[in-house]
Amino acid sequence: MSAWTVTVQAGAFLAVLVLPVILIRGWWQAPATTALVAGLMVAMRQSQCHYQRLRLG
């Protein structure tokens, strides 16, 4: 049996998914996008994502 747990800050996890799209599409130039990203970072500052995997065998 083996187990492992990964804990990541939700803001960093979201940035990995959303930031490339913002940069590729050129949305980083829009003031609304900048305000939205800043607001999300503040709102998710203390949030965490947990992933746990158990393997029985």
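Residues numbered from 1 in each chain as written. Predicted model: local features only at pLDDT ≥ 70, side-chain atom pairs only at ≥ 80, totals over all residues. Heavy atoms only, no water.

Q: Explain the overall build of the protein chain residue by residue, including any values.
A: Per the secondary structure count, the protein chain includes two helices and two strands. Counting helices and strands in the order they occur from the N terminus, the protein chain gives β-α-α-β. Taken over C-alpha atoms, the radius of gyration comes to 16 Å for the protein chain, far larger than the 10 Å a tight globule of 57 residues would show. With 57 residues in all, the protein chain has 7% of them scored as buried. The contacts in the protein chain between residues at least 6 apart in sequence include a share of 84% that link residues at least 24 apart. (Helix = DSSP H or I, 4+ residues; strand = E, 2+ residues; numbered from the N terminus. Rg over C-alpha atoms; globule rule 2.2 N^0.38 Å. Buried < 20%, exposed > 50% of the residue type's maximum accessible area, 1.4 Å probe, protein only. Contact = heavy atoms within 4.5 Å.)

Q: Run through helix α1 (residues 10-25), naming residues and quoting values.
A: With 16 residues, α1 ought to run about 22 Å at 1.5 Å a step, and its terminal C-alpha atoms sit 23 Å apart, in line with that. Taken as a whole, α1 has its buried residues at Ala-10, Gly-11 and Ile-22. In this fold, the buried residues of α1 make contact with β1 (2-9), α2 (31-43) and β2 (48-55). Trailing α1 by a residue or two, Gly-26 shows a phi angle of about 80 degrees, which is positive. (Expected span 1.5 Å × (residues − 1).)

Q: Could you give an account of the packing of aromatic side chains, with specific residues and numbers?
A: Aromatic rings considered in pairs are described by the distance between their centres and by the relative angle of their planes. As enumerated under the stated definition, the model contains one aromatic pair in all. Residues Trp-4 and Tyr-51 carry aromatic rings whose centres are separated by 5.6 Å and whose planes lie at 55 degrees to one another, so their mutual orientation is tilted. Of this pair, Trp-4 sits in strand β1 while Tyr-51 sits in strand β2, and the two are 47 residues apart along the sequence. (Phe/Tyr/Trp six-rings, centres within 6.5 Å; stacked < 30°, edge-to-face > 60°.)

Q: Report on the environment of Phe-13, specifying residues and quantitative values.
A: Within the element layout of this structure, Phe-13 appears in helix α1. Each C-alpha atom, one on Phe-13 and one on Gly-39, is 15 Å from the other, the two residues being 26 residues apart in sequence. Setting aside residues no more than four positions away along its own chain, Phe-13 makes contact with Val-8 and Cys-49.

Q: Quick one: what's the story with the environment of Gln-48, residue by residue and with numbers?
A: Relative to the assigned elements, Gln-48 resides in strand β2. Residue Gln-48 is classed as partly exposed on the basis of its relative accessible area of 48%. The spatial distance from the C-alpha of Gln-48 to the C-alpha of Gln-9 is 4.3 Å, given a sequence separation of 39 residues. Not counting residues within four places of it along the chain, the set of residues in contact with Gln-48 comprises Thr-7, Val-8, Gln-9 and Ala-10.

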